[in-house]
Amino acid sequence: MAGTGHPGLHSAVEKNGHTGPRANGLCSEKAVKQIRGLSPSVNKFLHDVFDTVLEDVLKKSASAGSKVIDFLPPAELSKRIDLELRDDPEPHESLLDHCKKTIQHSVKTGHPMFLNQLYQGLDPYGLAGQLVSDSLNTNLHTYEAAPVFVLMEQEVVRKVCSLIGWSAGDGLMGAGGSLLNMYGINLARHRYFPDLKKTGMHSGPRLVLLTSEESHYSMTKGAGFLGIGTDNVIKVKCDERGQMLPKELDKAIEDAKSQGSVPFFVNATSGTTVTGGYDPLGAIADVCQKHRLWLHVDAAWGGAVLTSRRHRGLMSGVDRADSLLWNPHKMLSLPLQCSVFVTREQGLLKAAHASGATYLFQKDKISYDASYDVGDKSIQCGRKTDPMKLWLSWKAHGTRGFEQHVDYVFELAQYVYDKLSNRNDFKMVLPGPNCTNVCFWYIPPSLQGVPEGPEFTQKLDQVAPVIKDRMTKKGNMMVQYQPLEGVPNFFRLVLANCETTRQDLDFLVEEIERLGADL
């Protein structure tokens, strides 16, 4: 553009070590290219960053002797890292230092002692796939923009459908489990009430959806976001293991109908967040069939068992579902985010979500079949090319490799459950591990032998938060705690990282005992 220029470009070049010629007060093409990352200096910076990631993240994360977190409270962390964004550029040395400090004070979720969340570990092939797809920096909406990734996504969807037991289906990858659970709700609504897409909820009946009282909060969020209303989410009772009771589901549906509401959607969970419960899919499918309701399965956490011949029985009846969500970034340690949504209803994703933007989805394309333009199946226009990380990992491990991973972490869960069950200073919340969730209390010396009652419960409720605080500040491991309705705070240990060993779990038990010895 003649007569215009970016006054900051030249200073950026000089400050970062890129001296480029100027003509008539404007940055030259060469200087602009250097800013865009084609210079030797930028190449060196990228190599330095990659080397730092390999050394300080990947290598150190695999060592149990390193810290999971070098924790600082917000005020101290704000002083430690220069967070201010300025008008002038900084040299590469400063940028690299920012990267190193960010790594130092971030949680190493690939560490074998990071047992805090459902995402753990870091699959190297998934990371490689993510590096490739991110470097290509394209958008998964049309075949012309992302030809390889469109085909990869189709293969991932086909394979997941085959694991479920469907001969055909449709699906996509998207921005996390919460959003894709909402896809299930929206598809069900469109399946039964397609006119609401145009006319809005005011023209329809009072719709209600049903989910277990132990299900993920995205069901309530989704009902609010989609205009169904959080008051129209019916929470169904569960048994002591956190699994939905089919008879209670049937009763709740009948009660809703008797009040003039219209049930349309049931969410069953395979691997609840806290207790790891697997809802009985076959019996729930019977209820849904009886009432002609859409059955969605939230298998974000526990869906990986479909790769295991030993454990896939936990999801018996899944082939009767209408839709399913699975997050391989959880139990299979794929890089965040890696979320797959599938449905047996072909064409419904596009019918429910399409807007037909003509600047993207022209129907008269000559070089390929326009059906490969998949963007209208998603509510997003911009969509990351997530399929490659899962596709490459699947290529590297095969389904049998995923199976070995799943079987191993289930064995770890049983090991630590048995270990804790045989000690007097620990008490289990549930009778046996659910999925790979192990829920327990630590009973400190001051409470051992004390009769259970209101005072005991009140004091026990304070134990886990204190130990967690000490644990975080020490930084050598992380385990989550939480309450459950009517139950004092307890630890929820989840296992997903195949780098975690039995020796690591022995250390965890001993360390909790040390951290709580004076309580």
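Every residue gets a number counted from 1 within its own chain, in the order that chain's sequence is written. Residues qualify for local features only when their pLDDT is at least 70, as the model is predicted, and side-chain atom pairs are given and counted only at 80 or more; totals for whole chains, interfaces and linings, by contrast, use all residues. Where side-chain values are given, they derive from all heavy atoms of the structure, hydrogens and water being excluded.

Regarding the overall build of the chain
A tally of regular secondary structure across the chain gives 17 helices and 14 strands. Taken against the 2.2 N^0.38 rule, which gives 24 Å for 519 residues, the C-alpha radius of gyration of the chain at 26 Å falls within 12% of a compact globule. Summarising its shape, the C-alpha atoms of the chain cover approximately 85 × 65 × 45 Å along the three principal directions. Partly exposed describes any residue whose relative accessible area lies between the buried limit of under 20% and the exposed limit of over 50%, with all areas from a 1.4 Å probe on protein chains only and scaled to the type maximum. Buried residues in the chain amount to 50% of all 519 residues. Where helices and strands are cited, they refer to DSSP runs of H or I of at least four residues and of E of at least two residues respectively, numbered from the N terminus. Within these notes, the globule rule equals 2.2 Å times the number of residues to the 0.38 power, and the radius of gyration is based on C-alpha atoms.

A few points about a nonpolar patch on the surface
Within this analysis, patches are made of residues with over 30% relative accessible area and no salt bridge. Like charges are joined at 9 Å or less; nonpolar side chains (Val, Leu, Ile, Met, Phe, Trp, Tyr) at 5 Å or less. Only the protein chains shown count as covering a residue, and every accessible area follows the Shrake-Rupley method with a 1.4 Å probe. By definition here, a salt bridge exists when the distance from a side-chain nitrogen of Lys or Arg to a carboxyl oxygen of Asp or Glu is within 4 Å. A surface patch of nonpolar side chains, about 280 Å² in accessible area, is lined by L46, F50 and L131. Position of L131 among the secondary structure elements: in helix α6 (residues 124–136).

What about the nonpolar core?
If you look at the biggest cluster of nonpolar residues, it comprises 51 residues, and the most contacted ones within it are L249, M315, L324 and V342. Those elements that place two or more of their residues in this core are α7 (147–164), α11 (246–258), β7 (262–269), α12 (281–291), β8 (294–299), β9 (323–326), β10 (339–343) and α14 (387–421). Buried Ala, Val, Leu, Ile, Met, Phe, Trp, Tyr and Cys residues form a nonpolar core when they are joined through side-chain atoms within 4.5 Å.

Some details on the pattern of salt bridges
The full count for this structure, using the stated rule, is 32 salt bridges. Taking the shortest distance from any N to any O, the salt bridge between R86 and E90 comes out at 3.3 Å. Among the residues examined, R86 registers a relative accessible area of 42% and is labelled partly exposed. K384 serves as the salt-bridge partner of D134, at 2.9 Å between the closest nitrogen and oxygen. Remark: K384 occurs in the loop between α13 (348–353) and α14 and D134 occurs in helix α6; sequence separation between them is 250 residues. Looking at D134, the relative accessible area reads 36%, which means it is partly exposed.

Considering the UniProt feature "modified residue: N6-(pyridoxal phosphate)lysine" (unreviewed entry) in the chain
UniProt positions are given in the numbering used here, feature names are shortened, and annotations may be inferred rather than shown by experiment. The UniProt record annotates "modified residue: N6-(pyridoxal phosphate)lysine" (unreviewed entry) at K330. Counting through the fold element by element, K330 comes out in the loop between β9 and β10. Any two residues whose heavy atoms approach within 4.5 Å are treated as being in contact. Those residues in contact with K330, other than ones at most four positions away along the chain, are L118, Y119, Q120, A300, W301 and A496.

Things to note about the sheet that holds strand β14 (residues 487–494)
A pair of strands is labelled paired if DSSP reports no fewer than 2 bridges between them. Spatially, the 5 strands line up as an open sheet ordered β3-β13-β14-β12-β11, and their pairing is mixed. The strands lining the two open edges of the sheet, one partner per strand, are β3 (114–115) and β11 (426–428). Sheet topology places strand β13 (residues 478–484) next to β14; 4 bridges connect them, and they run antiparallel. Across the sheet, Q480 pairs through a bridge with R492, a residue of β14. The sheet strands contacting helix α15 (residues 454–461) are β12 (437–442) and β14, and the helix crosses β14 at an angle near 40°. Every axis corresponds to a line fitted to the C-alpha atoms, with the helix fit spanning only the stretch in contact, and the corresponding angles, defined between N-to-C directions, vary from 0 to 180 degrees. Sitting on the sheet, helix α16 (residues 463–474) touches β12, β13 and β14, and the angle it makes with β13 is about 160°.

As for the packing of helix α3 (residues 40–61) against helix α5 (residues 92–104)
α5 packs onto α3 with a crossing angle of 15° between their chain directions and a minimal axis gap of 10 Å. The orientation of α3 with respect to α5, classified from their angle, is roughly parallel. Once α3 is placed against α5, the crossing between them reads as right-handed. On α5, the residues touching S41, V42, F45, D48, V49, T52, V53, D56 and V57 of α3 are H92, L95, L96, C99, K100 and I103. In the contact of α3 with α5, the residues fall into 9 nonpolar, 3 polar and 3 charged. We call two directions roughly parallel when the angle between them is under 35 degrees, roughly antiparallel when it is over 145, roughly perpendicular when it lies between 65 and 115, and oblique otherwise. Here is the rule for handedness: rotate from the far helix to the near one, and if that takes an anticlockwise turn smaller than a right angle the crossing is left-handed, while a clockwise turn gives right-handed. Each residue receives one of three labels: charged for Asp, Glu, Lys and Arg, nonpolar for Ala, Val, Leu, Ile, Met, Phe, Trp, Tyr, Cys and Pro, and polar for the others, Gly being one of them.

Observations regarding the confidence of the model for the chain
The pLDDT score gives, residue by residue, the confidence of the prediction method on a 0 to 100 scale. Per-residue confidence for the chain gives a mean pLDDT of 92, with 93% of residues at or over 70. Residue range residues 1–25 is modelled with pLDDT below 50. Its contacts to residues more than four positions away, or to other chains, number 38 contacts.

Here we look at unusual backbone geometry
L336 connects to Q337 through a cis peptide bond whose omega is -10°. Locating Q337 in the fold gives a position in the loop between β9 and β10. In this structure, N137 is a non-glycine residue whose phi angle is positive, near 50°.

Some details on the side chain of D407
Summarising the element assignment, D407 is placed in helix α14. Among the residues examined, D407 registers a relative accessible area of 9% and is labelled buried. Ignoring anything within four residues of it in the chain, the contact list for D407 reads S308, R310 and H311.

Remarks on the sheet that holds β8
Strand order in the open sheet made by the 7 strands is β4-β10-β9-β8-β7-β5-β6, with mixed pairing throughout. Whereas interior strands pair on both sides, the edge strands pair on one side only; in this sheet they are β4 (170–174) and β6 (233–236). Between one strand axis and the next, the sheet turns by 20° as a mean value, whatever way the strands run. Running over the sheet, helix α8 (residues 177–192) touches β4, β5 (207–212), β7, β8, β9 and β10 and is turned about 175° from β8.

So, α7
End to end, α7 covers 26 Å across 18 residues, agreeing with the expected 26 Å (1.5 Å per residue, within 8%). Within the span of α7, buried status applies to F149, V150, M152, E153, V156, V157, V160, C161, L163 and I164. In the core, the buried residues of α7 are packed alongside α6, β4, β9, β10 and α14. Downstream of α7 by one or two residues, G165 has phi in the positive range, about 115°. In this scheme, a helix's expected span is set at 1.5 Å multiplied by one less than its residue total.

A word on the packing of aromatic side chains
Think of it this way: a Phe, Tyr or Trp ring, Trp meaning its six-membered ring, pairs with another when their centres are within 6.5 Å, and the plane angle makes it stacked under 30 degrees, edge-to-face over 60, tilted otherwise. For the structure on display, the rule yields 11 aromatic pairs. Each residue in the set F426, F440, Y442 and F491 is aromatic and connected to the rest through ring pairs, giving one cluster. Note that R502 overlies the ring of Y415, its terminal NZ or CZ placed 5.6 Å from the centroid. Charges are assigned to positions over rings by a cutoff of 6 Å between ring centre and Lys NZ or Arg CZ, combined with an angular limit of 35 degrees from the ring normal.

With respect to the pairing of β8
The element β8 is extensively covered by neighbouring structure, given that 6 of its 6 residues are classed as buried. Note: β7 against β8, 5 bridges, orientation parallel. Residue V266 lies in a different strand from β8, and its bridge partner there is L295. By the criterion used throughout, a crossover qualifies as right-handed when its path from the first strand across the helix to the second strand runs clockwise, the strands pointing away from the viewer. Note on the crossover from β7 through α12 to β8: the handedness is right-handed.

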